[in-house]
Amino acid sequence: MNHFEIREVPGKGRAMIATKNFAVDEIIFEEEPFVSHQFSWNAAYGYAACDNCMRPLETLVENVRRLANNNAIVVPLVEHDPTAVWVPQFTQCQRCKVRYCSEDCLVYAKNKYHQVACMGAFRSDDTHPINVLNETWKKMHYPPETGTIMLIVRLMAMYKQSKNKPEFLEQLQSFQALIVNREQKIYHKLLGEKFEQQMEQLYTAFCNAFNDEEFAMFTTPDAFKTLMGILGTNSQGIATSVLAQWVTKVTDLPLPEADKKQLDTVIDGLYEKVGDFAGEFLNNEGSGLYILQSKINHSCVPNAQSTFPYSNDLVVLKAVAPIQQGDEICISYLDECQLERSRHSRHKILRENYIFVCQCTKCRAQASDPDVTSDEEEDDEDMEFDDDDDME
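As the structure is a computational prediction, the values presented were derived from the model and not from experiment.

A. Quick peek at the side chain of Glu328. By the element assignment, Glu328 lies in the loop between β11 (315-319) and β12 (330-331). A distance of 2.8 Å separates polar atoms of two side chains, one belonging to Glu328 and the other to Asn297. Apart from the residues within four sequence positions on either side, Glu328 is in contact with Lys12, Ala15, Met16, Ile17, Asn297 and Asn303.

B. Representation of the nonpolar core within the structure. Counting residues in hydrophobic clusters, the biggest one holds 50 residues, and the most contacted among them are Leu133, Ile149, Leu155, Phe206, Phe210, Phe218 and Met228. Ranked by residues supplied to this core, first place goes to helix α5 (residues 149-161) with 10 residues. Once you skip the residues sitting within four places of it in the chain, Phe218 turns out to touch Met156, Tyr159, Leu169, Leu172, Phe206, Ala223, Phe224 and Leu227. Membership of the second largest hydrophobic core comes to 20 residues, among which are Val64, Ala68, Val242 and Phe281.

C. Just the pairing of strand β7 (residues 236-240), in detail. Here β7 shows a buried face lined by Gln236, Ile238 and Thr240 and an unburied face lined by Gly237 and Ala239. Bridge analysis of β7 against strand β8 (residues 284-289) gives five bridges, and the strand direction is antiparallel. Across the sheet, the residue bridging to Thr240 is Asn284, located in β8.

D. Examining the packing of aromatic side chains more closely. Taken as a whole and assessed by the stated rule, the structure comprises 12 aromatic pairs. Lys165 extends its terminal NZ or CZ atom over the ring of Tyr159, reaching a point 5.4 Å from the ring centre.

E. The arrangement of the pattern of salt bridges in detail. Under the definition given, this model contains seven salt bridges. Notably, a salt bridge pairs Glu26 with Lys20, separated by 2.6 Å at the nearest N-O pair. Accessibility expressed as a relative area gives 24% for Lys20, which makes it partly exposed.

F. Highlighting helix α3 (residues 103-117). The end-to-end C-alpha distance of α3, which contains 15 residues, comes to just 17 Å, noticeably less than the 21 Å that a straight helix rising 1.5 Å per residue would cover. At Asn111, α3 is bent by approximately 70 degrees, the largest bend along its length. Buried within α3 we find Cys105, Leu106, Ala109, Tyr113 and His114.

G. Layout of the sheet that holds strand β4 (residues 35-38). The sheet built from three strands is open, its strands ordered β4-β8-β7 with antiparallel pairing. The open sheet terminates on both sides in strands that have one partner only, identified here as β4 and β7. Looking at each pair of strands side by side, their axes are set apart by 30 degrees on average, direction ignored. Running at roughly 135 degrees to β4, α5 makes contact with β4 and β8 of the sheet.

H. Up close: the packing of helix α4 (residues 129-140) against α5. Direction vectors running N to C along α4 and α5 enclose 150 degrees, while the axes themselves pass 9 Å from each other. Classified by the angle their axes make, α4 and α5 are roughly antiparallel. Contacts between α4 and α5 involve Ile130, Leu133, Asn134 and Trp137 on the former and, on the latter, Ile149, Met150 and Val153. Broken down by class, the residue content of the contact of α4 with α5 amounts to six nonpolar, one polar and no charged.

I. Up close: the packing of helix α2 (residues 60-68) against helix α10 (residues 257-278). Running from N to C, α2 and α10 point in directions that differ by 50 degrees, and their axes come no closer than 7 Å. As the angle between them shows, α2 and α10 are arranged oblique. Along the contact surface, α2 presents Val64, Arg66, Leu67 and Ala68, while α10 presents Leu270, Lys273, Val274, Phe277 and Ala278. Residue composition of the contact of α2 with α10, grouped by class: seven nonpolar, no polar and two charged.

J. Spotlight on helix α9 (residues 242-251). Buried within α9 we find Val242, Leu243, Trp246, Val247 and Val250. Seen end-on, α9 carries its buried residues on one side only, within an arc spanning 130 degrees. In the core, the buried residues of α9 are packed alongside α2, β7 and α10. Capping the start of α9, Ser241 holds a side-chain oxygen 3.4 Å from the backbone nitrogen of Leu243, two or three residues further along.

K. Highlighting the environment of Asp335. Its place among the elements puts Asp335 in the loop between β12 and α11 (336-339). Residues Asp335 and Cys300 lie 35 residues apart in sequence; the distance between their C-alpha atoms is 9.9 Å. Polar contacts involving the side chain of Asp335 include one to the main-chain amide nitrogen of Gln338, which spans 2.7 Å.

L. Molecular detail of the environment of Lys163. Take Lys163: it is sitting in the loop between α5 and α6 (165-173). Among the residues examined, Lys163 registers a relative accessible area of 89% and is labelled exposed. The spacing of Lys163 and Lys112 is 51 residues in sequence and 9.7 Å in space, taken between C-alpha atoms.

Rules of the game
Residues numbered from 1 in each chain as written. Predicted model: local features only at pLDDT ≥ 70, side-chain atom pairs only at ≥ 80, totals over all residues. Heavy atoms only, no water. Helix = DSSP H or I, 4+ residues; strand = E, 2+ residues; numbered from the N terminus. Polar contact = N/O pair within 3.5 Å; in protein donor to acceptor, adjacent residues only side chain to side chain. Contact = heavy atoms within 4.5 Å. Core = buried A, V, L, I, M, F, W, Y, C linked by side-chain atoms within 4.5 Å. Buried < 20%, exposed > 50% of the residue type's maximum accessible area, 1.4 Å probe, protein only. Pairing = 2+ DSSP bridges. Phe/Tyr/Trp six-rings, centres within 6.5 Å; stacked < 30°, edge-to-face > 60°. Lys NZ or Arg CZ within 6 Å of the ring centre and 35° of its normal. Salt bridge = Lys/Arg side-chain N within 4 Å of Asp/Glu carboxyl O. Expected span 1.5 Å × (residues − 1). Bend = angle between axes of the 7 residues up to and from the residue. Axes fitted to C-alpha atoms, helices over the stretch in contact; angles between N-to-C directions. Parallel < 35°, antiparallel > 145°, perpendicular 65-115°, else oblique. Nonpolar A, V, L, I, M, F, W, Y, C, P; charged D, E, K, R; others polar. Arc of directions from axis to C-beta.

Written out as structure tokens, the structure reads:
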């Protein structure tokens, strides 16, 4: 039983309201995604992950050695490798060789989308329309990624395979798609500076990949922009990491103080080695759409946080501050660094990415602050889009 409800709040729209008190670290809910997919560049860089739930398919040692490009690295305490227990269950689709962490994930994928999505031998064919679409996306959206066109590809497969298409469309519409028209031109920073031209290229590639009559409702210009709006405003980043999960496990071990200090040194050394070679690619990452999680509004002083403790795409919402019955449950759409920036900078990021102006307690308290940013923030903003750009 869920201890919250979705209500319409005057001046804010839809909101999640607690129907009981929650203590710090208490789980509010767990949710499987409506759809999820590994980022395109993560897949290109060789991050082995279950094609359904994104659980890593590498052992700890394999992961660290690949990330550091060093097959001589020795990792201690491998008995706490979180992947080890899953290795005997790894399997794959016999037609396209896409890999899964278990037979359960393989069966789930086949029942939900993979009967349609399976490309068979064409998976490695660069001329296949799906691969052309994916490459078109990758050339426009270099790391760090905030989404992937493959999420929309999977949605199309789910739609075609769905036995109840009206219900599927109702669930898709529940993500409050943003309508793009002449009165309200909305875009999201999913591509690059040449947004208008790139949208046309991406739209053409999308139509070539889904030219069946069955997809006609999705291949109009406005429908495609709506799908991109869903991707831009509702997709939740997902990160799974063998190394991070192992670090969590071993740092909680009841070791003598001297051993703990030695372990900390080893961990720091591992992160330094993998960071020197892999840079930002330390985790397998992707994105997903979550029906419940998408109903949660933003606050610059959030009382809840979305976490992925199982190293897959199951999101767990936990309280990070005491929540009283009747309080709105809020998360932050910004990362920790962005939350520390000025009110002006936070509002700029939220306005351009999520099309709203935050009125949380922190923003109201800083309402009299000057609309200026630090030199560092101005340097960052020089790289952002001009507000006058549009999708048409």
